[in-house]
Amino acid sequence: MSGWWKRTVERLTGGAKLPAGFTETLETEENVVAIADVRSGGHLIASSHGLWLPEDSGAHRRVGWHLISKAGWANGSLTVTEAEETGTAGEAVLLTDRAPRRYVLSESGKLPEAVHKRVTGSIRSTHRRDLPGGGAWFVQRKIPGRDGFVLQVRADPGTDMSLVEPIAVEVAEKLRQARSAEN
């Protein structure tokens, strides 16, 4: 491997070598920032665009930072709660959390810190609104590789979505008007 190519690979992977068996393709401007082995097999790979999760098939699937609702580190394990886009309300994106997945790591290295930094770094603002039967979180987040922010709305389980959706439309419209006024 030439010196130029080796330096390019090191820059793109943060000095880390992508693990054998990782066959997925990174985006042109996607950089790897941390890698950790999962004891049950596969790897967690934090990149500038998201967290690559091992699948049962042996492949890896990237979850964008804006779709990680929670990530917690305890006792050698990283627990990740991924959100699924379930619809829209005006310009707001409606989310539902999937069941948390727990990954026991052989060695954590820089991964927990990188995940925490990227998840929290994607958040511009959060607001909680209590509603009958529960409530909802309204979160403005940056999507890797795109300009601007998106409004995401995550309702608590059991919350009446017919109450959430008109509020989401109204909030998204107010945010759009505020952005227009700034420009």
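### Brief notes about the side chain of Ser48
Tracing the backbone shows Ser48 in the loop between strand S2 (43-47) and strand S3 (50-54). Under the relative-accessibility criterion, Ser48 is labelled buried at 18%. A distance of 3.2 Å separates the side chain of Ser48 from the side chain of His49, its partner in a polar contact. For Ser48, the contacting residues outside a window of four places in its chain are Glu29, Glu30, Asn31, Trp65, Arg118 and Pro144.

### Comments concerning unusual backbone geometry
A positive phi is found at Asn75, a non-glycine position, where the angle reads about 50°. Inspection of the secondary structure assignment puts Asn75 in the loop between strand S5 (68-74) and strand S6 (77-89). Using a relative accessible area of 77% as the deciding quantity, one classes Asn75 as exposed.

### Section: the sheet that holds strand S1 (residues 32-37)
Here we have four strands laid out as an open sheet, ordered S1-S2-S3-S4, and antiparallel in their pairing. Of all the strands in the sheet, the pair left with one neighbour each is S1 and strand S4 (60-64). Averaged over neighbouring strand pairs, the angle between their axes works out to 20° when direction is ignored. Strand contacts of helix H2 (residues 111-121): S1, S2 and S3, with the helix running at about 135° to S1, the strand carrying the most contacts.

### Section: the packing of aromatic side chains
The tally for this structure, following the rule as stated, stands at one aromatic pair. Between Phe22 and Trp52, the aromatic rings sit 5.3 Å apart at their centres with planes inclined by 85°, giving edge-to-face as the arrangement. Highlighted residues: Phe22 in the loop between helix H1 (3-12) and S1 and Trp52 in strand S3, separated in sequence by 30 residues. Residue class for Trp52 comes out buried when judged on its relative accessible area of 5%. The residue whose ring lies beneath Arg124 is Phe149, and the NZ or CZ to ring-centre distance is 4.8 Å.

### Points about the side chain of Thr159
Position of Thr159 relative to the elements: it lies in the loop between strand S11 (149-155) and helix H3 (161-182). The class for Thr159 is buried, based on a relative accessible area of 8%. In this structure Thr159 touches Leu131, Pro132, Gly133, Gly134, Gly135 and Val164, once residues within four positions along its chain are discounted.

### What to know about the confidence of the model for the protein
Considering every residue of the protein, the mean pLDDT works out to 90; 91% of them sit at 70 or more. pLDDT under 50 marks residues 1-7. Its contacts with residues more than four places away, or in other chains, come to one contact.

### Details of the environment of Asp160
Its place among the elements puts Asp160 in the loop between S11 and H3. Exposure remark for Asp160: the relative accessible area of 38% places this residue in the partly exposed category.

### Describing the nonpolar core
In terms of nonpolar packing, the biggest core is built from 24 residues, with Leu44, Leu51 and Leu111 touching the most fellow members. Elements with a contribution of two residues or more to this core: S1, S2, S3, S6, strand S7 (92-97) and H2. Broken down by element, the residue count for this core peaks at four residues, all from H2. Setting aside its immediate chain neighbours within four residues, Leu111 contacts Ala34, Ile35, Ala36, Leu44, Ala46, Leu51, Leu78 and Leu105. Core analysis: the second largest hydrophobic core is formed by 13 residues, Ala92, Leu94, Leu131 and Ala168 among them.

### Observations concerning the pattern of salt bridges
Under the defined criterion, the tally for this structure stands at 13 salt bridges. Here Glu84 ties to Arg98 by a salt bridge, and the two come within 3.6 Å at their closest N and O atoms. Of this pair, Glu84 sits in strand S6 while Arg98 is found in the loop between S7 and strand S8 (101-104), placing the two residues 14 residues apart along the sequence. Owing to a relative accessible area of 37%, Arg98 belongs among the partly exposed residues under this scheme. Salt bridges sharing common partners tie together Glu55, Arg61, Glu82, Glu84, Arg98 and Arg101.

Conventions and cut-offs
Residues numbered from 1 in each chain as written. Predicted model: local features only at pLDDT ≥ 70, side-chain atom pairs only at ≥ 80, totals over all residues. Heavy atoms only, no water. Helix = DSSP H or I, 4+ residues; strand = E, 2+ residues; numbered from the N terminus. Buried < 20%, exposed > 50% of the residue type's maximum accessible area, 1.4 Å probe, protein only. Polar contact = N/O pair within 3.5 Å; in protein donor to acceptor, adjacent residues only side chain to side chain. Contact = heavy atoms within 4.5 Å. Pairing = 2+ DSSP bridges. Axes fitted to C-alpha atoms, helices over the stretch in contact; angles between N-to-C directions. Phe/Tyr/Trp six-rings, centres within 6.5 Å; stacked < 30°, edge-to-face > 60°. Lys NZ or Arg CZ within 6 Å of the ring centre and 35° of its normal. pLDDT = per-residue confidence, 0-100. Core = buried A, V, L, I, M, F, W, Y, C linked by side-chain atoms within 4.5 Å. Salt bridge = Lys/Arg side-chain N within 4 Å of Asp/Glu carboxyl O.

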